[in-house]
Amino acid sequence: MKRVGIVTVTYNRLDFLKDLIESLRNQNYSNYTIICINNSSTDGTQEWLAAQSDIITITQENCGGAGGFFTGLKYVAEHEFDYAWVMDDDVIVKEDSLSKLMDKVDDCHGFLCSKVVDKDGNPCNIPGIYTKTQLNGYQLWDEKVEKNLIRLSTATFVSVLIPVKVIQEIGLPYKEFFIWGDDTEYTRRISETYPSYLCGNSVVEHRRIISGPPSIFTEKDKKRMQNFYYFYRNTLFYEKKYGNTFQILYRYKWAFLHFIKAMIKFKFSAAKLILKSIAASFFFRPKVCYLYRTGNRQVRA
């Protein structure tokens, strides 16, 4: 049975984390280890984790979700696991969520992800469908649909299964992203090399506090508002890395129009943040951190 390292990142959401861990403990796939990256929570998370004998806890300064998943995937790749199963701390898994994914690993050399629903059973965290075409002009997303697999381009870190050998080859997520977009970029990086799929019969629940896509114009949490700096900067970086000239120009126009909209609405702090993000995107060039194998030991490049 393949060994799975389950990676979750948490920051001051102890109640959510407890529910996630309980659901993980009730799985019918037994060969796993839970690895929790604690981004220096101050709500009692560290004390609770210290009392759990079946969880490997890594506490670090708050590096955001991106820095947390960087650390977690690095740990899995260095400790003789076969797969990393990554998810946010506000997820609830079903008893067969992992086993359904593991049933399909022979059909997939890239990442596999679960179908994600909200507390009401509605689809959320919709992944990006693979849109490239085959020679006859038809898209390839349905090439394994008879096996309950839909080919993807991107996914969010809500129940994503990644082979360790893929982590070794394509490197780790950009920890410099801090928050927002690190999962989209990382899964895109994988799917550019290996076909990756949504496994339709593996289902998890994502208990997001805020439904729908993030918006700087509707956000009311002042602390969360500051994170939109990363949202715009990372989105622009992603487009420059994977888009063509038209797509890049379109995305910069999108960001600039958001700046204008913020000014018109007298949201000057938001406008300043967007403008700062646009400027930062011209100089933001994070490097991929790779891992490689020497004998039986993982070494950081």
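All of these numbers come straight from a predicted model, not from anything done at the bench. (Residues numbered from 1 in each chain as written. Predicted model: local features only at pLDDT ≥ 70, side-chain atom pairs only at ≥ 80, totals over all residues. Heavy atoms only, no water.)

A. Structural detail: unusual backbone geometry. Even without being glycine, Asn125 reaches a positive phi, approximately 50 degrees. As for its placement among the helices and strands, Asn125 is situated in the loop between strand 6 (112–117) and strand 7 (128–129). Relative accessible area serves as the criterion here: at 16%, Asn125 is assigned to the buried category. Of note, the phi angle at Ser159 is positive, near 70 degrees, even though the residue is not glycine. Along the chain, the position of Ser159 falls in strand 9 (residues 158–163). (Helix = DSSP H or I, 4+ residues; strand = E, 2+ residues; numbered from the N terminus. Buried < 20%, exposed > 50% of the residue type's maximum accessible area, 1.4 Å probe, protein only.)

B. Broad picture of the environment of Leu49. The topology assignment puts Leu49 in helix 2 (residues 45–50). In this structure the C-alpha to C-alpha distance between Leu49 and Met102, which are 53 residues apart in sequence, comes to 27 Å. The residues contacting Leu49, other than those within four sequence positions of it, are Leu17, Cys36, Asn38, Ile55 and Thr57. (Contact = heavy atoms within 4.5 Å.)

C. Looking closely at the environment of Asp107. Within the secondary structure layout, Asp107 lies in the loop between helix 4 (97–102) and strand 6. Note on Asp107: relative accessible area 17%, which makes it buried. Each C-alpha atom of the pair Asp107 and Leu149 lies 8.9 Å from the other, and the pair is 42 residues apart in sequence. Apart from residues no more than four positions distant in its own chain, Asp107 is found in contact with Lys144, Lys147, Leu149 and Tyr197.

D. Layout of the nonpolar core. Formed by 32 residues in total, the largest nonpolar core has its most connected members in Val4, Leu24, Trp85, Met87, Met102, Leu112 and Leu161. Looking at this core element by element, the count peaks at five residues for helix 1 (residues 14–25). Apart from the residues lying within four places of it in its own chain, the contact partners of Met102 are Lys2, Val4, Tyr29, Tyr83 and Leu161. Phe81, Ala155, Ile190 and Leu291 belong to the second-largest nonpolar core, a separate cluster that totals 31 residues. (Core = buried A, V, L, I, M, F, W, Y, C linked by side-chain atoms within 4.5 Å.)

E. The packing of helix 8 (residues 228–242) against helix 9 (residues 245–264), seen in detail. Where helix 8 meets helix 9, the axes come as close as 8 Å, and the angle between the chain directions of the two elements is 165 degrees. Taken as axis vectors, helix 8 and helix 9 run roughly antiparallel relative to one another. As helix 8 runs across helix 9, the sense of the crossing is left-handed. Where helix 8 approaches helix 9, its residues Phe231, Tyr232, Thr235, Leu236, Glu239, Lys240 and Tyr242 are matched on the opposing element by Gln247, Ile248, Arg251, Tyr252, Trp254, Ala255 and His258. Among the residues making up the contact of helix 8 with helix 9, the classes are represented as eight nonpolar, three polar and three charged. (Axes fitted to C-alpha atoms, helices over the stretch in contact; angles between N-to-C directions. Parallel < 35°, antiparallel > 145°, perpendicular 65-115°, else oblique. Left-handed = near helix turned anticlockwise from the far one by under 90°. Nonpolar A, V, L, I, M, F, W, Y, C, P; charged D, E, K, R; others polar.)

F. Region of interest: the packing of aromatic side chains. Evaluated as defined, the whole model comprises 19 aromatic pairs. For the pair Phe228 and Phe231, a centre-to-centre distance of 5.8 Å together with 75 degrees between the ring planes defines the contact as edge-to-face. Of the two residues, Phe228 and Phe231 are both situated in helix 8; the distance of three residues between them amounts to about one turn of the helix. Between Tyr252 and Phe282 the ring centres are 5.2 Å apart and the planes differ by 25 degrees, which places this aromatic pair in the stacked class. Taken together, the residues Tyr252 in helix 9 and Phe282 in the loop between helix 10 (268–281) and strand 11 (291–294) connect sequence positions 30 residues apart. Judged by relative accessible area, which is 15%, Tyr252 ranks as buried. Among the residues examined, Phe282 registers a relative accessible area of 44% and is labelled partly exposed. Here the aromatic residues Trp180, Phe228, Phe231, Tyr232 and Trp254 are joined through ring pairs into a cluster of three or more. Here the basic side chain of Arg3 rests over the ring of Phe81, its NZ or CZ set 3.8 Å away from the ring centre. Against the face of Phe217 rests Lys261, its NZ or CZ located 4.3 Å from the ring centre. (Phe/Tyr/Trp six-rings, centres within 6.5 Å; stacked < 30°, edge-to-face > 60°. Lys NZ or Arg CZ within 6 Å of the ring centre and 35° of its normal.)

As far as function goes, none of this settles anything; it's purely spatial.
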